[in-house]
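Spelled out, the chains give:
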Amino acid sequence: MADSARRTSRVGERLFRLALLVLPVTFRTSYADEILSYHRARMNDTAGSSCDRLVVWGGALWDVVANGLLERASVVKRATSSVIRTGTPNTSQGGNGPRMSRRDRIRSLLFLRLFDTTAIRRLKNSPRFTTVTVLTLGLGIGANTALFSVVHSVLLNPLPYTDSEQLVFAWETRGESNRRQAVSLGNFQEWRNASTGLQSIAAARYRPYNVTGLDRPFRINGLEASAGLLALLGTRPHHGREFSTDEEQPGARPVCLVSNSFWLERLGGKTDLTDTHLLLNGVSHAVVGVLPPGLRIPGFGVQHILTPVPLDPSQPGFWSNHNTTVYGRLGTNIQIEQAGEALSLVASRLEETVPEWNEGIGSVLIPAREQLVRGASRTLWILFGTVGFVLLIACVNVANLLLARAASAEREIAVRVALGAFRTRIVTLVLSEALLLSVAGGLLGLGIGYWGVEAIRMWGPANLPRLSEIEISVPVLSFTMACAALTGILFGLVPALRSMRVDIQSTLNKSGRSPGLGASHRVQRVFVVAEVAIAVVLLTCSGLLVKSFINLMKVDPGFSSDGRYAMQLSLPSSRYTDGPMVSMFLNELHQRLDGTPGIETSGSSVGLPFQSLMWRKYLTLEHQPALTLSEIPIVDLSISTAGYLRTMGIPVLEGRALLESDNAESPFVALVSETFVRTHLNNGEVIGKRLRLAAPDHLLPPEHVGLNPWYTIVGVVGDVRRWSLSADPLPEVYITQQQDQDNAHGFFVVVHTQLSNEGAGDVMRQAVWDIDPELPVTWVQPIDAMFSNAVAQPRFNVTLVSAFGLSALLLALIGIYGLLANIVGARTQEIGVRIALGARPGQILRHVAGQGIAAAGTGIAIGIAVSAAGTRVMDTLLFGVQPIDLPTFVAVTAAVLCVAVVAASLPSWRAARLNAIEALGAE
């Protein structure tokens, strides 16, 4: 307890030293030490808890800041008044400074009116009111600042590339549905060589690299990129040069580019790259250049290794593998529609000249920013609109506070007017208070917004586009200050106009404790109705999202994640040259893992749920061959070991599982998923059917006919939701790694174990290094963490909207309570008369509470109507629930009614317990 109190004292003293900076310089220089010593002595006399010390320091901070601002305002006011009167600054040389223009004198006059010392003094004398108001505004403005930072950085801010509006993504389209897909290297080469409206075209595709030959082996993500990619992005290498087109050709010398951080940390930052080489996947690559610092490749982010994309038509997948991202830059004065038409003509020509690979294949261009923020735009605008409602409620609450303050200060205003004050001066005074409060709330909101942005960057979903670019920028600062100024005018205007309508004679004739702005209560009722309506809308949205999230979490992913851990491996083709060598490594690895105490089973597969890496193949059924290329179905392919299904808990529903005996010498077999059976076999007979993972022979070039084996279906397994919980499972085929004809080298190794995170990771890494000490392990993660990441975006949406909804409900509660408290305070004598005439406490209770509940009921009705119309825009965020969900609407109505009753009960109970004599004699 004592340590906590001392820490509180130290923190309080640091804040107090910062607060002293508010004092004028000359005064601070002379008296700062004395003020600090005085408050230290006060603190030493406070022997209470940390809370007591916090209260003492809070009071000291308030006193110093308020008086400092008041003194500075007085100095500014005197200086500005001198300028307005004389047209010259009041300098030490007797006011002989340069004269001001008429416009500058008018600006100074406006500043003088708004920066009112009387307003500062009034706020200083009402610390509780000022604190509550500033905190309410700060929270509303801070939340808006944080969300606007996200919206601006993700949706509005140009991409960090030269002339980024000219950047586009080029995709293939397939079939009549024009479904977008990645591009084959063959089509990319033809597109680049053809004449289109694109100034330049470049390509990139994901490629992991095992880096050896340095201090230790490690695995790093990288890209295969075409020549001209950096030039297309409007940049150039930090050192060295970019790739040339000759280095994309077969037989060219292996070269690479490295990131700036890799160059500094791994290569010592040496500028002479002549003899610098890296061993990537067992092949020596000459380092020819260093990427610019912080360069992010669109769609891939920061990548540490780039090698030339291999344009080798002799490779089997040159035309058939659609796995390349293609970028383009529009030519001068060329619109995206014109370039898209030109590229479509090239695609049409390829459909005629290379029909075996391009039948039904078209093209489309998408602006780069639109492509990168796909799926996030609508969500972010909805969240931004939601937090805007919270700010609106905060403004309404502050307006209610100011109305109540204006009502309590009615006699003061009447006295000022009676003594000769202009009514415009009264309006200026009220607006000045509101603007000062809004500026303070804006500064607090800026701090809250900063921490909110940091929290979003730290805990936001990893798939949020441009997450690392989110920051408090100049437009965000301008937005925050505009919010502060507009809210100040908004919530200060109504009380200011009400102050102008004060009747001097009737007000001065009233008793001192019965403020007479009775009409303000009607305005407050309107505000409370608006607060409740907005709260109902936000709570309805949050209720729908919560229900969607609960439905999402109930979805069966098709596998078990408890106690499962995965690691990623990539076997270098330079050392593991064929399928039997890969099989030998995997067999030995799983023998070691299965024999380790604490590990129940293990298995490997080329794909893993919720990971972006997955093989996809053309499908041909023996008795149902496609007639055209565009009609060929595509399926997910899992190349796995025999223990993978058992380790992942994927059930075999019919037939048998893959066995260790299913090797290259035995008949080729496959398993298919439930969705595969429904989609391609019409739920008919499955076992014994044959399929091929390629196009039909009549659609293949002659040299490829007969190269792909037939697989016999021996079992049916349960569906696995590989891509997301909300997406329907796709048809999937499982084959054993020993019968793989594509010689896969990258695998996810999975174990089922009761070991801890650290223990499982150590065991899995050591098992790999016992077999191959030079083979790096990229990562080891619990599959539970991958599952959690898969629902990060909906969880993020639910958390934010629920927080905003609860904040709105709390503010509505405060609004109802404030309305009834003001009514009770204003009608104390009336209530006393009712009691004296025989009104029972229950009648008073029902009468007062009924006013608050009636206002809440009106707000609920309006909110439900708005929700019924507005929640339809959320349909893309919902899962398993309709936008108009009756149970959710009923629950929200009941919750808001309960809150309204609670908020109305305390002032009503106080009114019912009033003593008639004391109420009638109240002054």
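### Observations concerning the overall build of the chain
And then number 1: Counting its regular elements, the chain contains 29 helices and 24 strands.
And then number 2: Here the chain holds 923 residues, and 51% of them are scored as buried.
And then number 3: Here the contacts in the chain between residues at least 6 apart in sequence split such that 80% fall between residues at least 24 apart.
And then number 4: Put simply, the chain shows about 42,100 Å² of open surface, and 57% of that area lies on carbon and sulfur atoms.

### Let's talk about a nonpolar patch on the surface
And then number 1: A surface patch of nonpolar side chains, about 250 Å² in accessible area, is lined by Phe389, Leu392 and Leu490.
And then number 2: With respect to the element layout, leucine 392 can be found in helix α14 (residues 377-408).
And then number 3: What makes leucine 392 partly exposed here is its relative accessible area of 36%.

### Looking at the environment of glycine 863
And then number 1: Secondary-structure assignment places glycine 863 in helix α27 (residues 841-870).
And then number 2: Among residues more than four places away in sequence, those in contact with glycine 863 are Ala533, Val536 and Val537.

### Comments concerning the pattern of salt bridges
And then number 1: Per the stated rule, a full pass over the model turns up 15 salt bridges.
And then number 2: We note a salt bridge from arginine 592 to glutamate 588, for which the minimum N-O separation is 3.4 Å. Of this pair, arginine 592 and glutamate 588 both sit in helix α20 (residues 579-594), four residues apart, which is roughly one turn of the helix.
And then number 3: On the basis of relative accessibility, which here comes to 34%, the residue arginine 592 falls in the partly exposed class.
And then number 4: The class for glutamate 588 is partly exposed, based on a relative accessible area of 31%.

### Quick word on the packing of aromatic side chains
And then number 1: Following the criterion strictly, the structure yields 14 aromatic pairs and no others.
And then number 2: Ring geometry for phenylalanine 148 and phenylalanine 384: centres 5.7 Å apart, planes at 40°, overall tilted. With phenylalanine 148 in helix α6 (residues 127-156) and phenylalanine 384 in helix α14, this pair connects stretches of sequence that are 236 residues apart. Considered together, phenylalanine 148 and phenylalanine 384 belong to a single accessibility category, that of buried residues.
And then number 3: Ring geometry for tyrosine 576 against phenylalanine 585: centres 5.7 Å apart, planes inclined by 75°, an arrangement best described as edge-to-face. Across this residue pair, the class does not change: tyrosine 576 and phenylalanine 585 are buried.
And then number 4: Taken together, the aromatic side chains of Phe148, Trp381, Phe384 and Phe479 make up a single cluster linked through ring pairs.
And then number 5: Residue placement shows arginine 266 over the ring face of phenylalanine 218; its charged tip is 4.1 Å from the ring centre.

### Regarding the pairing of strand β9 (residues 283-290)
And then number 1: Counted residue by residue, β9 has six buried out of eight residues, so it is predominantly covered.
And then number 2: Summarising the sheet, strand β7 (residues 255-258) and β9 pair through four bridges and their orientation is parallel. Residue cysteine 256 lies in a different strand from β9, and its bridge partner there is valine 287.
And then number 3: Pairing geometry for strand β8 (residues 277-280) and β9, over four bridges, is antiparallel. By the bridge assignment, leucine 280 is partnered in β9 with valine 283.
And then number 4: Hairpin geometry of β8 and β9 is characterised by an intervening segment of two residues between the two adjacent antiparallel strands and by a positive phi of about 50° at asparagine 281.

### A short note on the packing of α27 against helix α28 (residues 886-912)
And then number 1: It is at 8 Å that the axes of α27 and α28 come closest, and there the two elements cross at 155°. Put simply, α27 runs roughly antiparallel to α28. Read as a crossing pair, α27 and α28 show a hand that is right-handed. Contacts from Pro841, Ile844, Leu845, Val848, Ala849, Ile853, Ala856, Ile860, Ile864, Ser867 and Ala868 of α27 reach α28 at Phe889, Thr893, Val896, Leu897, Ala900, Val901, Ala904, Ser908, Trp909, Ala911 and Ala912.

### Details of the nonpolar core
And then number 1: Judged by nonpolar contacts, the single largest core of 99 residues is most densely connected at Val532, Ile650 and Tyr734.
And then number 2: Per-element tally for this core: the top contributor is helix α19 (residues 518-554), with 14 residues.
And then number 3: Not counting residues up to four positions away in its chain, the partners in contact with tyrosine 734 are Ser638, Ser640, Tyr644, Leu645, Ile650, Leu658, Val669, Ala670, Leu671, Val717, Val720 and Arg722.
And then number 4: Within the second largest apolar cluster, 42 residues are counted, among which are Leu586, Leu637, Val686 and Val749.

### What about unusual backbone geometry?
And then number 1: Even without a glycine there, the phi angle at asparagine 333 is positive, about 60°.
And then number 2: Its location among the elements puts asparagine 333 in the loop between β11 (322-330) and α11 (336-353).
And then number 3: Look at asparagine 333 and you get exposed, because its relative accessible area is 70%.
And then number 4: The phi dihedral of phenylalanine 610 is positive, around 70°, even though this residue is not glycine.
And then number 5: Relative to the helices and strands, phenylalanine 610 resides in the loop between β14 (599-605) and β15 (615-618).
And then number 6: Residue classification places phenylalanine 610 among the buried positions, given a relative accessible area of 15%.

Conventions adopted
- Within each chain, residues carry numbers counting from 1 in the order of the written sequence.
- Predicted model: local features are reported for residues with pLDDT of at least 70 only, side-chain atom pairs are reported and counted for 80 or more only, and whole-chain, interface and lining totals are derived from all residues.
- To obtain the side-chain values, all non-hydrogen atoms of the structure were included, while hydrogens and water were left out.
- The numbering of helices and of strands both runs from the N terminus, where a helix is a DSSP run of H or I of at least 4 residues and a strand a run of E of at least 2.
- The rule is simple: take the accessible area with a 1.4 Å probe, protein chains only, and divide by the maximum for that residue type; under 20% is buried, over 50% is exposed, in between is partly exposed.
- Every residue pair with non-hydrogen atoms within 4.5 Å of one another is taken to be in contact.
- Surface exposure here means Shrake-Rupley accessible area, sampled with a 1.4 Å probe, where a residue is shielded only by the protein chains that are shown.
- Exposure above 30% relative accessible area and the absence of a salt bridge qualify a residue for a patch, where like charges join within 9 Å and nonpolar side chains (Val, Leu, Ile, Met, Phe, Trp, Tyr) within 5 Å.
- We count a salt bridge whenever a side-chain nitrogen from Lys or Arg sits within 4 Å of a carboxyl oxygen from Asp or Glu.
- For Phe, Tyr and Trp, where Trp contributes only its six-membered ring, two rings pair if their centres lie within 6.5 Å, and the inter-plane angle classes them as stacked under 30 degrees, edge-to-face over 60, or tilted in between.
- Placement of a positive charge over a ring is assigned whenever Lys NZ or Arg CZ falls within 6 Å of the ring centre and within 35 degrees of the normal to the ring plane.
- The pairing criterion is simple: DSSP has to find at least two bridges between the two strands.
- For helices, the axis comes from a line fit to the C-alpha atoms of the stretch in contact; other axes are also lines fit to C-alpha atoms, and the angle between any two N-to-C directions lies between 0 and 180 degrees.
- By definition in this entry, angles of less than 35 degrees are roughly parallel, angles greater than 145 are roughly antiparallel, angles of 65 to 115 are roughly perpendicular, and the rest are oblique.
- Crossings are assigned a handedness: left-handed for a near helix turned anticlockwise from the far helix by less than a right angle, right-handed for a clockwise turn.
- The nonpolar core is taken to be a set of buried Ala, Val, Leu, Ile, Met, Phe, Trp, Tyr and Cys residues, with the residues joined through side-chain atoms within 4.5 Å.

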